[in-house]
Amino acid sequence: MASVEFHGVTKTFGDFTAVSAIDLHIGDGDFVCLLGPSGCGKTTSLRMIAGLESPTVGKVLIGGKDVTNLHPKDRGISMVFQDYALYPHMNLADNIAYPLKVRGEPVAKRHGRAREVADVLKIGELLDRLPSQISGGQQQRTSLARALVYPSEVYLFDEPLSNLDAKLRLEARGFLNHLQRDMGMTAVYVTHDQAEAMALATRIAVMDRGKVVQYAPPIEIYRRPATTFVANFVGNPPMNLVPVEASIEGEALQLRTHGLIARGLPLTSWVRAALSKGNKLTLGVRPEHLTIGSLADANSISGKLFANENMGPESLVTFERADQSRVTARIFVDDHLDVPDNVTFTFSADHVTLFDDTGARIPLEGEQRL
Amino acid sequence: MRLSLPQYFSRLGFSALAAILGALFALPLIWFLFAPFNARAELGIAIPDPFTFANFETVFGNAFALRGLLNSLIQSVGGVILVGIAATLAAYALSRSAIPGKGAVTYVLLLFSSVVSGSAAMVPIFLIISAMGLIDTHIAVILVFAGGLLPTSMFILRDFIDGIPKTYEESAMVAGASPLQAFFDVALPVIRPGIVVVVVWAFVNIWGSFLIPFILLRTDDLMPASVAIYSFYSEAGTPIVTLLAAYSLIYSLPVIGLYLFVSWKFGFRFFGGIKA
Amino acid sequence: MKKSFALLSHRAAALFLTPGALLVGAFVLLPFFWVIFVSFTNRTLLGRTALNPEFVGLANYIQLFDPTTFFTRGQFGFSLILTTQFVIFSALIGQALLGLLLAWLIQTIPPALKRIVESAVIAAWILPEVVIGFAWFAFLDYDNGTLNMILRGLGLPPGDFLLQQPFWVIVVFNTWRGAAFSMMLFNSAFSSIPPSYFQAADVAGASSWQKFRDIALPLIRGHVVTDLILITMWTFNVFTPFLLTGGGPSYRTELLSIYNYRVAFRDFEFGKGAAVGVIIMLINLCFALIYLSIGRKKQPKPVQP
């Protein structure tokens with residue numbers, strides 16, 4: 001296993017900048033998810049680690065060694081592709097053993113090793129089938145087996161679960177998590193599914209328009225999203241983001257907008273600094289941090305009921321504020337929830353994240369500016 | 001679904017019209033089903049009585065006729081090998097490399113291949129082959145066909161290769177293969193159906209061709225079947241019907257066989273259409 | 001320059017392209033330029049001018065376009081007009097309409113019948129041209145031919161069509177020979193239309209003709225244009241009627257390709273033949289440019305004759 005480093009890596013295709021001056025350090029044994037919407041540069045970044053694209057500017061290091069100009073085959077990597085890339089003319093055994101074949105291993109050893117890996121992945125029965133004769137889930141495991149059949153420094157995954165249906169995806173995700181615990185592999189995993197990233201990663205790099213917006217452990221990303229973009233991308237349903245006008249009443253911070261008032265928030269030096277540049281802030285609060293309350297509460301948000309969806313253990317209550325924007329609350333009751341037409345929710349100051357007018361998170365008291 | 005009465009009659013009308021058209025198309029060819037097996041065949045349709053292979057025996061006794069089939073085979077196979085190899089390599093390069101000017105090359109080739117037809121270019125082709133000293137050789141026919149069929153073959157194959165995910169070769173290279181290994185182990189086997197279509201198409205084209213060998217060849221011993229067939233005309237220029245019929249049938253069999261093969265293997269889609 | 005990791009390096013790509021480039025260069029590109037050069041000379045096959053052709057300027061072209069003989073049978077102008085008529089009647093009207101009709105019919109008929117009809121139409125297209133030529137020779141024979149047999153059976157007067165109506169014979173012949181291409185192209189176009197479009201029309205109570213006119217035809221317009229240009233180009237260059245009529249009787253079926261062959265390889269006037277070739281290529285170029293300019297959009301691939 002080895003670390004992976006990006007040093008000032010930029011990749012352009014003609015006029016289009018796919019990846020813009022990225023610096024990233026992926027530690028030995030880290031499982032890093034590159035998370036972001038399509039076109040954010042996550043796949044290009046992964047392909048530069050693989051050597052399938054070469055950076056326009058900058059260096060890529062694997063295990064401390066500069067591999068920028070190295071051919072993919074010389075990088076000591078394995079990769080699982082989104083479309084699996086199983087060779088249609090080879091049976092599963094030959095598919096899985098192909099990396100060993102090009103390494104010149106004898107046939108007996110190849111097939112022995114392919115069988116071992118296939119057995120672990122529960123496809124040992126299928127080794128003489130062709131890829132076209134097995135299910136999508138089995139194809140996915142075959143491509144995983146091909147990546148695991150030889151020891152690698154780094155394992156690369158390009159949205160490997162996106163072609164599976166929901167149930168299989170959960171199953172495969174659990175298996176990958178187990179594998180990571182078992183092997184402690186260094187892995188770089190591209191996905192646009194935030195739940196997948198949260199479940200698998202030891203660290204997530206959220207990307208937007210060619211840049212890494214935040215690089216942190218999943219729980220940190222969830223609790224302290226660096227920007228409104230990250231806040232909106234991570235969590236399902238995502239964090240409620242409400243544009244508010246801030247004012248200082250006496251020595252207290254007050255936030256207001258249609259149907260929202262927040263009086264109980266601490267006025268930190270960071271907030272003062274943000275307010276010195278303008279009084280338009282964004283208040284972020286996760287749906288599970290809203291509880292049913294009243295207008296008398298220090299922090300309240302209210303509106304007209306829009307939808308009330310019972311999901312079993314929880315209900316998603318969506319309401320519309322006066323400016324027609326919607327806010328969702330997640331209420332944990334395992335019974336049908338009766339909600340009046342005009343609803344009011346309250347939230348605690350501890351659960352509020354504030355963003356300045358550029359969309360960057362305002363740090364908490366005592367925190368360093370990133 | 002139940003059909004209403006008018007719908008039922010309209011379906012019936014469609015079928016009847018289609019059947020009539022099919023029959024009209026078959027009409028000029030029906031003669032070939034009978035005449036080869038009739039030792040006394042004339043230009044009219046007659047049920048063979050007795051049914052006989054005598055015509056085929058006579059044809060197989062004619063060294064010149066057999067030589068014609070062999071020559072057709074030499075020229076077709078030779079041309080097909082050249083087209084197959086050159087088109088596969090070129091199409092792969094056009095599809096997978098980042099070589100500059102790919103688009104322009106494709107455009108120019110498409111243009112020229114449509115413009116330079118056999119009937120327009122017969123004079124320069126004859127002169128070029130003369131200048132190369134290749135008049136009256138198999139290789140002349142092979143080269144001219146290879147060149148002429150290449151552009152279209154390249155487009156068909158390039159399209160085919162463009163439709164194959166690059167991840168096949170990429171995964172091979174990540175797994176440790178060199179580009180050459182990736183090409184031979186992975187890309188080539190995956191492209192093979194496309195190559196088969198192109199090769200069949202080229203074979204049928206060369207096998208059935210008349211004008212090019214007619215212009216480029218002089219010696220009877222080199223003539224392909226399409227030209228050798230005229231040896232079944234008498235001195236006076238009238239055809240020896242029985243032998244012509246039998247020979248035509250033998251000569252057509254590879255084309256029919258390949259057509260059946262392609263439609264069985266790939267389904268006879270428009271794209272893979274082979275054209276004589 | 002930075003090293004690139006395209007699947008194929010520039011050098012390997014160049015190597016891969018070499019055999020194809022040599023073959024296409026020698027037998028497609030070179031003839032194009034050579035024919036232009038030869039058309040300005042008085043080169044012949046035999047005699048003094050075979051080895052030392054002289055530059056004659058536009059003499060060959062002037063001869064081709066000589067107004068006193070232009071429309072005479074066996075001359076260039078006659079062949080050009082004949083070929084134009086041939087293209088209009090056998091390709092644009094015959095092949096395209098028949099192909100369209102066949103393609104529409106086989107959408108709805110039972111699969112077994114569909115296979116039989118398709119086989120008959122495609123057989124006419126794929127069999128070697130020499131065989132087809134002879135088949136029609138037998139088919140049209142005055143005394144015993146299948147056609148006259150049928151006409152006599154129906155109580156109609158038989159005819160020696162190759163002598164009486166040679167032009168219409170090659171028109172019908174070429175329609176018959178080439179309709180398969182249009183049928184297959186339109187067939188694939190029709191089958192690319194989602195069945196739900198027609199089902200929705202069925203629910204709305206549309207007749208077969210209305211479905212054809214209102215749904216199918218507008219959706220395959222692009223294919224129609226492609227088809228018309230391709231079959232025009234191919235029919236314009238076709239040599240096959242030579243195998244049925246030899247260009248006769250008395251030049252009445254002498255299409256441009258056959259005229260070119262006669263001038264160059266019967267009369268051995270290569271210079272003049274080359275000039276004919278240049279004109280054919282110029283006309284081809286017009287069609288090809290039209291095709292390519294609209295073909296930039298996603299169009300079906302041409303499969304050349």
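For the structure, see preceding data.
Residues numbered from 1 in each chain as written. Chains lettered and ligands numbered in written order. Predicted model: local features only at pLDDT ≥ 70, side-chain atom pairs only at ≥ 80, totals over all residues.

Once that is clear, we can look at the overall build of chain B. Looking only at helices and strands, one finds eleven helices and zero strands in chain B. The globule rule puts the C-alpha radius of gyration for 276 residues at 19 Å, and the 23 Å found for chain B is more than 25% above it. C-alpha extents for chain B along the principal axes are approximately 70 × 70 × 35 Å. Counting every position in chain B, which comprises 276 residues, the buried fraction comes to 52%. Excluding contacts between residues fewer than 6 apart, the proportion of contacts in chain B whose partners are at least 24 apart in sequence is 70%. (Helix = DSSP H or I, 4+ residues; strand = E, 2+ residues; numbered from the N terminus. Rg over C-alpha atoms; globule rule 2.2 N^0.38 Å. Buried ≥ 20, exposed ≤ 12 C-beta atoms within 10 Å, placed from the backbone. Contact = placed C-beta atoms within 7 Å.)

Below, the discussion takes up the interface of chain B and chain C. On the side of chain C, 83 residues touch chain B, which itself brings 89 residues to the contact. Looking at the side of chain B that touches chain C, the elements that each hand over two or more residues are helix 1 (5–34), helix 3 (63–96), helix 4 (102–115), helix 5 (118–131), helix 6 (138–162), helix 8 (179–208), helix 9 (211–216) and helix 11 (241–265) of chain B. The leading source of residues in the side of chain B that touches chain C is helix 1 of chain B, at 17 residues.

What follows deals with the sheet that holds strand 8 (residues 187–191) of chain A. All names here are of chain A. Spatial strand order, 6-7-8-3-9-10: six strands in an open sheet with mixed pairing. The strands lining the two open edges of the sheet, one partner per strand, are strand 6 (77–80) and strand 10 (211–216). The sheet shows a mean angle of 20° between the axes of neighbouring strands, taken without regard to direction. Direction of pairing for strand 3 (residues 31–35) relative to strand 8: parallel, over a ladder of five bridges. By the bridge assignment for strand 8, Leu35 is matched with Thr191. (Pairing = 2+ DSSP bridges. Axes fitted to C-alpha atoms, helices over the stretch in contact; angles between N-to-C directions.)

Taken together, the contact between chain A and chain B spans 18 residues of the former and 16 residues of the latter. Looking at the side of chain A that touches chain B, the elements with two or more residues in it are strand 6 and helix 2 (92–102) of chain A. Within the side of chain A that touches chain B, the residues separate by chemical class into twelve nonpolar, two polar and four charged. (Nonpolar A, V, L, I, M, F, W, Y, C, P; charged D, E, K, R; others polar.)

Another aspect to go through is the pairing of strand 6 of chain A. Residue and element names in this part refer to chain A. Alternating residues of strand 6 divide into Ile77 and Met79 and Ser78 and Val80, and every residue in both groups is buried. Bridging between strand 6 and strand 7 (residues 154–158) involves four bridges; their strand directions are parallel. If you follow Ile77 over to strand 7, its bridge partner there is Val154.

On to the environment of A:Gly14, then. Take A:Gly14: it is sitting in the loop between strand 1 (4–13) and strand 2 (16–26). The exposure class of A:Gly14 is exposed, given the 5 C-beta atoms found within 10 Å.

Turning our eyes to something else, we now look at the sheet that holds strand 1 of chain A. All names here are of chain A. Taken in spatial order, the four strands make up an open sheet running 2-1-4-5, and their pairing is antiparallel. Looking at strand neighbours, the two that pair on one side only are strand 2 and strand 5 (65–66), the edges of this open sheet. Judged from the two bridges that link them, strand 4 (residues 57–62) and strand 5 form a sheet pairing that is antiparallel. Bridging across to strand 5, Leu61 finds its partner in Asp66.

Bringing the environment of B:Phe145 into the picture now. Note that B:Phe145 resides in helix 6. Those residues in contact with B:Phe145 that lie beyond four places of it in its chain are B:Gly79, B:Ile206 and B:Ile212.

Take the environment of B:Tyr251 next. Along the chain, B:Tyr251 falls in helix 11. Distance in space between the C-alpha atoms of B:Tyr251 and B:Ser10 is 41 Å, their sequence separation being 241 residues. Those residues in contact with B:Tyr251 that lie beyond four places of it in its chain are B:Leu69, B:Ala225, B:Ile229, C:Pro128 and C:Val131.

This brings us to unusual backbone geometry. Outside of glycine, negative phi angles account for most residues, and trans bonds account for most peptide bonds. All names here are of chain A. Between Asn236 and Pro237 the backbone carries a cis peptide bond, its omega angle lying at -5°. Of note, Pro237 is situated in the loop between helix 8 (228–233) and strand 11 (240–249). Phi at Tyr84 takes a positive value of approximately 70°, unusual for a residue other than glycine. A residue is classified by how many C-beta atoms lie within 10 Å of it, and Tyr84, with 21 of them, is buried. One non-glycine residue with positive phi stands out, namely Gln324, at about 75°. Assignment of secondary structure puts Gln324 in the loop between strand 17 (315–320) and strand 18 (326–331).

Another point: the pairing of strand 11 of chain A. Residue and element names in this part refer to chain A. Strand direction decides the pairing type here: strand 11 and strand 14 (residues 280–285), joined by six bridges, are antiparallel. Among the inter-strand pairings, Val242 is bridged to a residue of strand 14, identified as Leu283. Bridge analysis of strand 11 against strand 12 (residues 252–257) gives five bridges, and the strand direction is antiparallel. Counterpart to Ile248 in the pairing with strand 12 is Leu253. In textbook terms, the turn of a hairpin is the stretch between consecutive antiparallel strands, and for strand 11 and strand 12 this stretch comprises two residues, one of which, Gly250, has a positive phi near 65°.

Another point: helix 4 (residues 136–148) of chain A. Residue and element names in this part refer to chain A. Over its 13 residues, helix 4 runs 18 Å from end to end, which matches the ideal 18 Å to within 8%, given 1.5 Å per residue. Most of helix 4 sits inside the fold, with ten of its 13 residues counted as buried. On its buried face, helix 4 is in contact with strand 6, helix 2, helix 3 (107–120), strand 7 and helix 5 (166–183). (Expected span 1.5 Å × (residues − 1).)

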